[in-house]
Amino acid sequence: MKARKEGRFSLKLNAKSGTSQAEARALEQAMRQPAPETLPARLYNDAAVYETERREIFARSWQLFAHESQLPRPGDYFATDYAGFPVVAVRGDDGAVRAFHNVCRHRAGPLVEDGGGHCAGALVCRYHAWKYALDGRLASARDFGPAEDFDPRQFALFPLKTDVWRGFVFVNLDTDARPVEEAIAPLERRMQTLSPERFRNPRISSHNIHCNWKTYVENYLEGYHIPVLHPMLASTIAADYGTEIDPPAQFYRATPKNDAPIAGLWAWTWPCLGVNVYADGILMERMWPVAKDRTRLDYLFLFSEDADEAEIERQIAASLITTKEDIEICEAVQRNLDAGIYQSGRLSPKHEQGVAWFQKQVLRAIG
Ligand code: FES
Ligand SMILES: [Fe+2]
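Focus on the packing of helix α5 (residues 213-220) against helix α8 (residues 309-339)
- Packing of α5 against α8 brings their axes to within 10 Å, and their N-to-C directions diverge by 130°. Regarding the angle of α5 to α8, the classification is oblique. α5 and α8 meet at a crossing whose hand is right-handed. Contacts between α5 and α8 involve T215, Y216 and N219 from the former and D326, I329, C330, V333 and Q334 from the latter.
- Of the residues in the contact of α5 with α8, the class split is 4 nonpolar, 3 polar and 1 charged.

Topic: the domain arrangement of the protein chain
- Domain assignment breaks the protein chain into domain 1 (34-58 + 184-366) and domain 2 (63-176).
- Placing the centre of domain 1 and that of domain 2 at their C-alpha centroids yields a distance of 30 Å.
- No other element matches the 4 residues that strand β16 (residues 281-291) contributes to the side of domain 1 that touches domain 2.
- The class makeup of the residues in the side of domain 1 that touches domain 2 is 11 nonpolar, no polar and 4 charged.

Some words on the environment of T243
- Within the secondary structure layout, T243 lies in strand β12 (residues 242-246).
- Once the C-alpha coordinates of T243 and L337 are considered, the two residues, 94 residues apart in sequence, prove to be 26 Å apart.
- For T243, the contacting residues outside a window of four places in its chain are Q250, Y252, Q353 and G354.

Quick word on the sheet that holds strand β2 (residues 76-82)
- Across the sheet, which stays open at both edges, the 4 strands sit in the order β4-β3-β2-β5 with antiparallel pairing between neighbours. The sheet is open, and its two edges are formed by β4 (97-101) and β5 (115-118), each paired on a single side. Put simply, the sheet's adjacent strands are angled 20° from each other on average, direction ignored.
- Of the pairings in the sheet, the one linking strand β3 (residues 85-91) to β4 comprises 5 bridges and is antiparallel in character. Paired with A89 across the bridge in β4 is A99.

Cut-offs used in this document
- Residues numbered from 1 in each chain as written.
- Chains lettered and ligands numbered in written order.
- Predicted model: local features only at pLDDT ≥ 70, side-chain atom pairs only at ≥ 80, totals over all residues.
- Axes fitted to C-alpha atoms, helices over the stretch in contact; angles between N-to-C directions.
- Helix = DSSP H or I, 4+ residues; strand = E, 2+ residues; numbered from the N terminus.
- Parallel < 35°, antiparallel > 145°, perpendicular 65-115°, else oblique.
- Left-handed = near helix turned anticlockwise from the far one by under 90°.
- Contact = placed C-beta atoms within 7 Å.
- Nonpolar A, V, L, I, M, F, W, Y, C, P; charged D, E, K, R; others polar.
- Domains from an automatic or database assignment.
- Pairing = 2+ DSSP bridges.

Dropping the structure here:
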């Protein structure tokens, strides 16, 4: 009832501002859809909710962890953490990339520091130097001394499930997870003609954001704010921004103005990965929680190997203008969610169906 009243009110405003009758009818049709309630504000700053999300979302879903070109040789590794899980991926002597928890089986020491590096044939714990083969087996427990009830074969590193899709290394904490191909199928269908393998020249930039991870993801899932918040981006696309949901992914479309180089593919997939394929490169955006009120946005850019360095720098700088605008508004939204006045709002069926789909999945996951 309330939604219908709001719909009539908006229609009246549009009629006054000169909307054609056909447009007004289409609008009316759209407005007859329900306007779902948003998630309650308390889900954005509650330690127990975050713990549940870690367990039910981040310990069960596929996460883009690295690109193969970051680990070209046996012994090359990349380490970082997401949702509080420290993970290292390393290329083995057999050429396969495997991921493990970056946690030693002795007394939970770290094997390697975060970032990329090379280890010669083994991962050696930084605390007491237990040594692990690149397939995770414990190769030696340095100077452990005689012990009758200690079998090194039972102390291999904790593995993650690892799959590579089109050069992207995906990991899943759930070692019984179904293959990444299933989770990535909607992206794969649209990626086939774009030959992303052309791009193997990686650049990474990270941004620490003072907001809950959902606040940032939801901002990514709608174009409603583009004309208001991103004047530069808005000048390159027509106002026909649309969303198509193909679970667990979403795809966005907008008509470019003046041959603007907008993405050939502009997408997102559950729970927190943005995917942009351009004519001259790829940008993958990871929106990883660090804590209940902290998010790290990692940009993995891939360019072709002969790309011009100045052009790479120009493109990265341009993308950061929009990013800064998004970060500032998400941090302000989070402060308001934390302030305790706002409890919940309503989502536009015309512009925010992607947000509604995401929120439904979150609720389903955390129960
Ligand atoms: S914690 Fe790793 S060797 Fe002791
Ligand atoms: Fe934005």
